Amino acid sequence: QEQFVESGGGLVQPGGSLRLSCAASGFTFSSVAMNWYRQAPGKERELVAVIAHADGSTNYASAVKGRFTISRDNAKNTVYLQMNDLKPEDTAVYFCNRGDRISPYWGQGTQVTVRS
């Protein structure tokens, strides 16, 4: 069964940084694009960043472009999200999932809270 375990969230002041990790299992990680999503209270889950499996190319939501960086380590079956210059509107629970098809087995996510 596919599994995703997110970690690295926390409370940070505006302008601060966090690095999220997502350990994936149950499928051939190196053959699959990976996505980061986030869900703020009262809002729908939204796609934040994408990384391809073949060439590592990336794509970002306009709200985070230039501040967030997605990366992956296929040897560790892990995808990362480096978040810089965090803003209060980045407050959300962050999740990862497959990029080719969404797995129904979502992880618990990791909470990111940005406030003074």
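To be clear, the structure that these remarks concern was listed above.
Below is a summary of the structure that appears in this document.

Basis of the calculations
Residues numbered from 1 in each chain as written. Predicted model: local features only at pLDDT ≥ 70, side-chain atom pairs only at ≥ 80, totals over all residues. Heavy atoms only, no water. Helix = DSSP H or I, 4+ residues; strand = E, 2+ residues; numbered from the N terminus. Polar contact = N/O pair within 3.5 Å; in protein donor to acceptor, adjacent residues only side chain to side chain. Contact = heavy atoms within 4.5 Å. Salt bridge = Lys/Arg side-chain N within 4 Å of Asp/Glu carboxyl O. Buried < 20%, exposed > 50% of the residue type's maximum accessible area, 1.4 Å probe, protein only. Pairing = 2+ DSSP bridges. Axes fitted to C-alpha atoms, helices over the stretch in contact; angles between N-to-C directions.

1. Describing the side chain of threonine 110
Mapped onto the fold, threonine 110 is located in strand β10 (residues 110-114). Among the polar contacts listed, one links the side chain of threonine 110 to the backbone nitrogen of glycine 9, at a separation of 2.9 Å. Excluding residues that lie within four positions of it along the chain, threonine 110 makes contacts with Glu6, Ser7, Gly8, Gly9, Leu20, Ala92, Val93 and Tyr94.

2. Brief notes about the pattern of salt bridges
In total, this model carries 7 salt bridges according to the counting rule given. A salt bridge links arginine 98 to glutamate 2; the shortest N-O distance between them is 2.7 Å. Of this pair, arginine 98 sits in strand β9 (residues 92-98) while glutamate 2 sits in the segment before β1 (3-7), and the two are 96 residues apart along the sequence. According to the relative accessible area criterion, arginine 98 is buried, its value standing at 7%.

3. Re the sheet that holds strand β8 (residues 78-83)
Spatially, the 4 strands line up as an open sheet ordered β1-β3-β8-β7, and their pairing is antiparallel. In this open sheet, the two edge strands, each paired with only one partner strand, are β1 and β7 (68-73). Within the sheet, the average angular offset between the axes of one strand and its neighbour, ignoring direction, is 15°. As judged from the 6 bridges shared by β7 and β8, these two strands associate in the antiparallel manner. Following the sheet pairing, arginine 72 is matched in β8 by valine 79.

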